[in-house]
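Spelled out from the first residue to the last, the chains are:
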Amino acid sequence: MTWNRQRTYAALVGLGIWVLLIRTILMISQGWLAKFVPWVAGLLVLEFLLNVGVFLTAVWWWIGATERRAILPLRLTAATIVVHAVRVAIYVLSQTGPWHDFDVRPIYRAESVAEWHWVVFAAVLATLGLVGLALVWRYRRTHRRSAVVATDRQP
């Protein structure tokens, strides 16, 4: 087994998803599924399932180490980033403005006091995730087009 660029990318995706996976597991183990309103709890479960899917497909990609195996983990990663950004946007909105704590069941609202530095931290990192997703998507689109043009020009 040789180390190549595909293994590096798969390892980075696999390691990167652990940050979200650990955070999601912590939230579930701290009882947030019961504290959130059902649709926000559903988003948390969806994010957890996507995190697990990304990790498993990243391992599959790492074992195979081909560009063809990159498609599924990268698509799942994109879905995870978007779902996470939506969940963070809900969190930020629930800490500001007239909709304070709309994501938490009424009986748990008194104990769901967030510190502002965590709200800002989550918002900044989710935004950076979306920017990174856009950059990778654009790079892969451009790279794919140039590869098609290069193969079209060969005799």
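Our structure's up above, just so we're on the same page.
What counts, and at which threshold
- Residues numbered from 1 in each chain as written.
- Predicted model: local features only at pLDDT ≥ 70, side-chain atom pairs only at ≥ 80, totals over all residues.
- Heavy atoms only, no water.
- Helix = DSSP H or I, 4+ residues; strand = E, 2+ residues; numbered from the N terminus.
- Rg over C-alpha atoms; globule rule 2.2 N^0.38 Å.
- Buried < 20%, exposed > 50% of the residue type's maximum accessible area, 1.4 Å probe, protein only.
- Areas by Shrake-Rupley, 256 points an atom, 1.4 Å probe, with all protein chains shown as cover.
- Lys, Arg positive; Asp, Glu negative; His and termini not counted.
- Charge placed at Lys NZ, Arg CZ, Asp CG, Glu CD.
- Core = buried A, V, L, I, M, F, W, Y, C linked by side-chain atoms within 4.5 Å.
- Contact = heavy atoms within 4.5 Å.
- Axes fitted to C-alpha atoms, helices over the stretch in contact; angles between N-to-C directions.
- Parallel < 35°, antiparallel > 145°, perpendicular 65-115°, else oblique.
- Left-handed = near helix turned anticlockwise from the far one by under 90°.
- Patch = residues over 30% accessible without salt bridge, like charges linked within 9 Å, V, L, I, M, F, W, Y side chains within 5 Å.
- Salt bridge = Lys/Arg side-chain N within 4 Å of Asp/Glu carboxyl O.
- Expected span 1.5 Å × (residues − 1).
- Bend = angle between axes of the 7 residues up to and from the residue.
- Polar contact = N/O pair within 3.5 Å; in protein donor to acceptor, adjacent residues only side chain to side chain.

Visitor: Help me understand the overall build of the chain, please; the structure alone is not making it clear to me.
Guide: Regarding its fold elements, the chain presents five helices and zero strands. Taken from N to C terminus, the helices and strands of the chain fall in the order α-α-α-α-α. Its C-alpha radius of gyration of 19 Å places the chain more than 25% over the 15 Å reference for a compact globule of 155 residues. Residues counted as buried form 30% of the 155 residues belonging to the chain. Total accessible area on the chain is roughly 10200 Å²; 71% of this is exposed by carbon and sulfur atoms. Taken as two groups, the 16 positive and 7 negative side-chain charges of the chain have centres that lie 14 Å from each other.

Visitor: So what exactly am I meant to see when it comes to the nonpolar core here?
Guide: A general tendency of soluble globular proteins is for nonpolar side chains to be buried together. Ranked by size, the top nonpolar core spans twelve residues in total: Met 27, Trp 32, Phe 36, Val 37, Val 40, Ala 41, Leu 43, Leu 44, Leu 50, Val 83, Ile 90 and Val 104. At the level of secondary structure, the elements contributing two or more residues to this core comprise helix H3 (38–64) and helix H4 (71–94). If you tally residues by element for this core, the top one is H3, at five residues. Not counting chain neighbours up to four residues away, the residues in contact with Val 40 comprise Ile 90 and Asp 103. Listed in part, the eight residues of the second largest apolar core include Val 13, Leu 20, Val 54 and Ala 70.

Visitor: Explain the packing of H3 against H4 to me, please; I cannot follow it from the model alone.
Guide: When two helices pack together, their arrangement is given by the angle between the helix axes and by the axis-to-axis distance. Interhelical geometry of H3 versus H4 gives an angle of 155° and a closest axis separation of 9 Å. With respect to H4, the element H3 is oriented roughly antiparallel. Every pair of crossing elements has a handedness; the one defined by H3 and H4 is left-handed.

Visitor: In this structure, what is going on with a nonpolar patch on the surface? I would like to understand it.
Guide: Residues Trp 116, Trp 118, Val 120, Phe 121, Val 124, Leu 125 and Leu 128 make up a contiguous nonpolar surface patch of about 730 Å² in total accessible area. By the secondary structure assignment, Phe 121 is in helix H5 (residues 116–153). The exposure class assigned to Phe 121 is partly exposed, which follows from its relative accessible area of 45%.

Visitor: It is not clear to me how the side chain of Lys 35 should be interpreted in this structure. Could you clarify?
Guide: Residue position: Lys 35 is located in helix H2 (residues 32–35). Residue classification places Lys 35 among the buried positions, given a relative accessible area of 17%.

Visitor: In this structure, what is going on with helix H1 (residues 5–29)? I would like to understand it.
Guide: Note: α-helices contain 3.6 residues per turn, so residues at a spacing of three or four share the same orientation. Here H1 spans 36 Å end to end across 25 residues, near enough to the 36 Å set by a 1.5 Å rise per residue. Along its length, H1 reaches its greatest deviation from straightness, about 25°, at Val 19. In this structure, the buried residues of H1 make contact with H2, H3 and H4. Near the N-terminus of H1, the side chain that reaches the backbone nitrogen of Gln 6, with its oxygen 3.2 Å away, is that of Asn 4. Where H1 terminates, the next one or two residues include Gly 31, which has phi positive at roughly 90°.

Visitor: Would you mind going over a positive patch on the surface with me for this structure?
Guide: A cluster of like positive charges, contributed by Arg 75, Arg 138, Arg 141 and Arg 144, occupies part of the molecular surface. Here the positive patch gets three residues from one element, more than from any other, and that element is H5. Along the chain, Arg 75 falls in helix H4. Judged by relative accessible area, Arg 75 falls into the exposed class, the value being 60%.

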